[in-house]
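Reading the structure
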Amino acid sequence: MKREKFIFTTLLIPFFLFSLNLRLTRLDRDDKAASPYSSQQTKYLLGENLLANSNQNVPEKDSVKRRLQLTRKTREGAAESPPPKMLTKIRPENLALSTRDKKRKKDSFSYQNRIHNINEGNPFRSNGIQYVPDQVLVKFKPSLSAEQREATVAAYQTRKIRRIPSIDIYHLQTPENVSVEEMLYLLEQNPDVEYAVPNHIRHLAITPNDPLFGQQYALYNPNQIVPPGSPQQGIERPDIRAREAWEETMGDDEVIIAILDTGVDFGHPDLDDKLLMNGYDFVNDDSDPTDDHYHGTLVAGIAAAETNNDEGIAGVAWNCKILPIKIADNTGWVDVATEILGIERAVQSGAHVINLSIAGPGYSQPERDAIRDAYNNGIVVVAAAGNSGAGTEYPAAYDECLAVAATDSEDLNTAWSNYGPEIDVAAPGEGIVGPVPTWFWGPGSFPYASGDGTSFSAPHVAGLAALIIGIKGLEEGDILLDDDDILIVEDVMNIIRYTADDVNYGNYPGRDDFIGFGRINMERALVPIIISALNKKR
Amino acid sequence: MKKTHAYVFCLSSILILSCFSSAAAQERTLFNAVSISPGIGFEYLSRTINWDDDQYTSKLKSNYFTFDTEIELQGGLFVRAVLGFTTANYRSLVFRQLPLSVDLGEEIGYIGGYLLGAGIKKSIIHSEDLRIDLLGQFFYGIGSKKEWEISELPVEGSLEGRPNWTKVTVGPVFTYTGFETFFPYLYLNFNKFWGRFKMDETIQDLEGSETKKIKGESSFCVSLGLTYKITESFSIKSEARFLPYKDGIDSGIMIKVMYSFY
């Protein structure tokens, strides 16, 4: 008899312990939260064609038309690009509601109202674990004394992490090998327990507080935000998944994006703290690359505006720095020789990404050599494909560049976006909101505008490249060197290509000449992809 | 804390080496085996591991199915050899240095592998009711290659992972020998676990590799066990293990059936 008892004990204890690990019950996990942003009220910005506005405080009014179509031209008379893309003024102090919105809601909304609404909705990420794996929150019935509660906690072999006195909740750690589900099941059987729930995880919902973030459908478009003034109805999430990606990284302030453009407004409140002071103006050959157009300021803002600063827009790469290099004059003209000087300057200044929102016909060997030199020096060069609705223009057409086409708020390739086998990826380029120089709309005006063009698609990609470099390379020291498994330029370009959303899969499965590998997806490029047993290779 | 570990490790190593040297002195009688005890066992351990220079932690759940042989030599010296299979769940391990970062999710499942081990035990004190032994064990796990596909990309992508690990335990075993048929024991041991998980990623022409160094959060283990002799030759051993670390306690169990030839 004694022997049997010991056999029983010896076998039973380990098996009992082991069986505790087996899940007795599975609680249904939370359903997805209600549809996000259902109450979001989107006010379309007042579309106002710059061409029609004769009262702007803009130098050289007669040159406005040329300024708006920033394609690369030579002063020697290269062919003009097709009609310009509209630049739309943002007037926050006098936002007009669309007719539909007016019917829906008579009262006008303040800016703050719109931003508040944008914060409602789903948790940031619904994948991954949804509660802390070894913790529960328990509320005992008030009739139970403190001693009895402590005894109950001890009886379940849980460890009290803390008691939250204001709502009388016990935060407990479950015993090892007892799952949360099992613990909750056991606690729910106890009549002294009012309720027991998992310790749910709430992800940081990275919604920047920039007032115009709600208008940046390119970054986050949960509820069919459409470009200002557009009659289009957007589809679900036709955006580059910036919010999800920002949870992983907001960029490294050591990563530099060189904006080779018309310069940047150093006084703009959404850019002033992001600009490096060692830029250069190759148009006037001085060290003051101030924007006397608007294009460079808008491009720089899209790539890396100051974000979460209660001001204007959110940039793709929150923390990365901008190196302004002025290669285009106040009419938007740029020649290859000046462009080459700008590229050379970016290389010498230690830039990691070069954005070239310029385009024009005609292969140029010197231009290619300069870009190849940048590529060989570990710089990712991103270029706009052009807006002529024709073949991809240069410099985007060079192999060493990431050629970026434009999509719209419905993830459709825009009619004016250039195409061809050189296209690598696409990014939103229609109705893109960004900063313009503070003088642009006149004294005291709101220095923001929206614009169309692959010029504004490219900086989305440049920002993503900067984020990838920041998270993949800088931790190991020097970046973009082909050793020790550190990424090389081509790797960064391939990450951007291979993580894109093939949004025209229905008509053109796989890579195609219109949007390349697809519209970029920042989440997939940056956030760890969750692998499960379902991914097991067969 | 690390210094303490080093001291314990050095002390234990010296003691083991002294066992060997004393054993060497008795070389003439050493290899005359007193008993040979083959056995089969099962072990489960949920252990907290850390990685990326202690920045992150996750739980490594492992099962071990072992075939081992313990040889008792003269002079109170035991040697043990272990062969076995192991399955381990490396969930929540994140590889961020690959071109595309990947996270072995909650549902990653187990990765199989093989286990090799060896141990040596030397009796130090053997009084009427108490025996104190010094036990040192070494285990090496070789994970088998596992492949996954990366879905939802516009191009084909795959991952290939292969883990391996090493575990060393050294410490005294206090066995109460006052009972006739069962012998409770306490094994206090320095318990060091470390390993690597190599992950290769291939996405079209984009290739990368990352080797993640992992190590056990705890370096100390308390094992409470019981050896029960059913017959003179047949015995069962069960053990519960507790590995305290700064934020909690890991635990595991072991059960082993042995048959002794004399």
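Shown above is the structure to which this text applies.
This report concerns the structure included in the present document.

**Details of the overall build of chain A**
Helix and strand counts for chain A stand at 13 helices and 15 strands. Each of the 538 residues in chain A was classed as buried or not, and the buried ones make up 51%. Excluding contacts between residues fewer than 6 apart, the proportion of contacts in chain A whose partners are at least 24 apart in sequence is 74%.

**Observations regarding the sheet that holds strand β10 (residues 380–384) of chain A**
Residue and element names in this part refer to chain A. Read across the sheet, seven strands follow the order β7-β8-β6-β9-β10-β11-β12 without closing on themselves; strand pairing throughout is parallel. Of all the strands in the sheet, the pair left with one neighbour each is β7 (280–281) and β12 (423–428). Pairing of strand β6 (residues 256–261) with strand β9 (residues 353–356), which is carried by three bridges, proceeds in the parallel orientation. Paired with Ile259 across the bridge in β9 is Asn355. Relative to the sheet, helix α9 (residues 336–348) contacts β6, β7, β8 (321–326) and β9, its axis offset from that of β6 by approximately 170 degrees.

**Topic: the packing of α9(A) against helix α10 (residues 365–376) of chain A**
Residues and elements named next belong to chain A. Here α9 crosses α10 at 10 degrees, and the two axes come no closer than 9 Å. It follows that α9 is roughly parallel to α10 by the angle criterion. Only Pro366, Glu367, Ala370, Ile371, Asp373 and Ala374 of α10 make contact with α9, whose side of the interface consists of Val336, Glu339, Ile340, Ile343, Glu344, Ala346 and Val347. Each residue belonging to the contact of α9 with α10 can be placed in one class, and the counts come to nine nonpolar, no polar and four charged.

**Some points on the sheet that holds strand β15 (residues 529–531) of chain A**
One open sheet holds the three strands; their spatial order is β15(A)-β5(B)-β4(B), and the pairing between them is mixed. Two strands bound the open sheet, and with one partner strand each, they are β15 of chain A together with β4 (94–95) of chain B. With two bridges connecting them, β4(B) and strand β5 (residues 102–104) of chain B associate as antiparallel partners. Its bridge partner being in β5(B), B:Val94 is matched across the sheet by B:Asp103.

Cut-offs used in this document
- Residues numbered from 1 in each chain as written.
- Chains lettered and ligands numbered in written order.
- Predicted model: local features only at pLDDT ≥ 70, side-chain atom pairs only at ≥ 80, totals over all residues.
- Helix = DSSP H or I, 4+ residues; strand = E, 2+ residues; numbered from the N terminus.
- Buried ≥ 20, exposed ≤ 12 C-beta atoms within 10 Å, placed from the backbone.
- Contact = placed C-beta atoms within 7 Å.
- Pairing = 2+ DSSP bridges.
- Axes fitted to C-alpha atoms, helices over the stretch in contact; angles between N-to-C directions.
- Parallel < 35°, antiparallel > 145°, perpendicular 65-115°, else oblique.
- Nonpolar A, V, L, I, M, F, W, Y, C, P; charged D, E, K, R; others polar.

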